[in-house]
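Chain by chain, the residues:
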Amino acid sequence: LQLVESGGGLVQPGDSLRLSCAAPGFTLDHYSIGWFRQAPGKEREGVSCITASGGRSNYVDSVKGRFTISRDNAKNTVYLQMNTLKPEDTADYYCAATPLLIFTVCPERGAYDFWGQGTQVTVSS
């Protein structure tokens, strides 16, 4: 299973971006998906996650109310809509897939079996 992220870029504070996570040739509807990010010099942190069915999602406190995770299993794609971006959102963003179908909080990094190569998001004026 290969994951491919897209949608990153350079934006100004307050702008929006939508990241996509696709799995060409594979079916994602049996996997829960997480979005992670890693800023320069910092550890990779979980940002959001969504169950395989799309029925449950969670967010790290720093993005609640600004980011929305969603999935379109018909298109085999998971999205991360990022609004009101801040400079501290600058990072490489990664999506990852886990076979865990049900969770109450986002699974930790070790639970994800498959990772994408990342897409860079830079928020700067």
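Everything quoted here is computed from the prediction, not taken from an experiment.

**Q** Can you help me understand the state of the cysteines in this one?
**A** What we call a disulfide is simply a covalent bond connecting the sulfur atoms of a pair of cysteines. Following the criterion strictly, the structure yields two disulfides and no others. For Cys-49, the disulfide goes to Cys-106, at an S-S distance of 1.9 Å. On the S-S bond that ties Cys-49 to Cys-106, the torsion sits near -95 degrees, and the link is left-handed. One end of the pair, Cys-49, is in strand E5 (residues 45–50); the other, Cys-106, is in the loop between strand E9 (91–98) and strand E10 (114–115), and 57 residues separate them in sequence. Judged by relative accessible area, which is 0%, Cys-49 ranks as buried.

**Q** What is the right way to look at the side chain of Thr-119 in this model?
**A** With respect to the helices and strands, the residue Thr-119 is situated in strand E11 (residues 119–123). Given a relative accessible area of 10%, Thr-119 falls into the buried group. Within the structure, Thr-119 has its side chain in polar contact with the backbone nitrogen of Gly-8 (distance 3.1 Å). In contact with Thr-119, not counting residues within four places along its chain, are Glu-5, Ser-6, Gly-7, Gly-8, Leu-19, Ala-91, Asp-92 and Tyr-93.

**Q** When you look at the packing of aromatic side chains in this model, what are you seeing that I'm missing?
**A** Aromatic rings in a pair are described by how distant their centres are and how their planes are angled relative to each other. The tally for this structure, following the rule as stated, stands at four aromatic pairs. Between Tyr-31 and Phe-114, the aromatic rings sit 5.9 Å apart at their centres with planes inclined by 85 degrees, giving edge-to-face as the arrangement. Here Tyr-31 is found in the loop between strand E3 (17–22) and strand E4 (32–38), whereas its partner Phe-114 is found in strand E10, with 83 residues between them in sequence. With a centroid separation of 5.1 Å and 85 degrees between ring planes, the pair formed by Phe-36 and Tyr-112 is classed as edge-to-face. With Phe-36 in strand E4 and Tyr-112 in the loop between E9 and E10, this residue pair connects regions lying 76 residues apart in the sequence. With respect to burial, Phe-36 and Tyr-112 carry one shared label: buried.

Reading guide: rules and limits
- Residues numbered from 1 in each chain as written.
- Predicted model: local features only at pLDDT ≥ 70, side-chain atom pairs only at ≥ 80, totals over all residues.
- Heavy atoms only, no water.
- Disulfide = S-S within 2.5 Å.
- Helix = DSSP H or I, 4+ residues; strand = E, 2+ residues; numbered from the N terminus.
- Buried < 20%, exposed > 50% of the residue type's maximum accessible area, 1.4 Å probe, protein only.
- Polar contact = N/O pair within 3.5 Å; in protein donor to acceptor, adjacent residues only side chain to side chain.
- Contact = heavy atoms within 4.5 Å.
- Phe/Tyr/Trp six-rings, centres within 6.5 Å; stacked < 30°, edge-to-face > 60°.

By themselves these figures say nothing about function.
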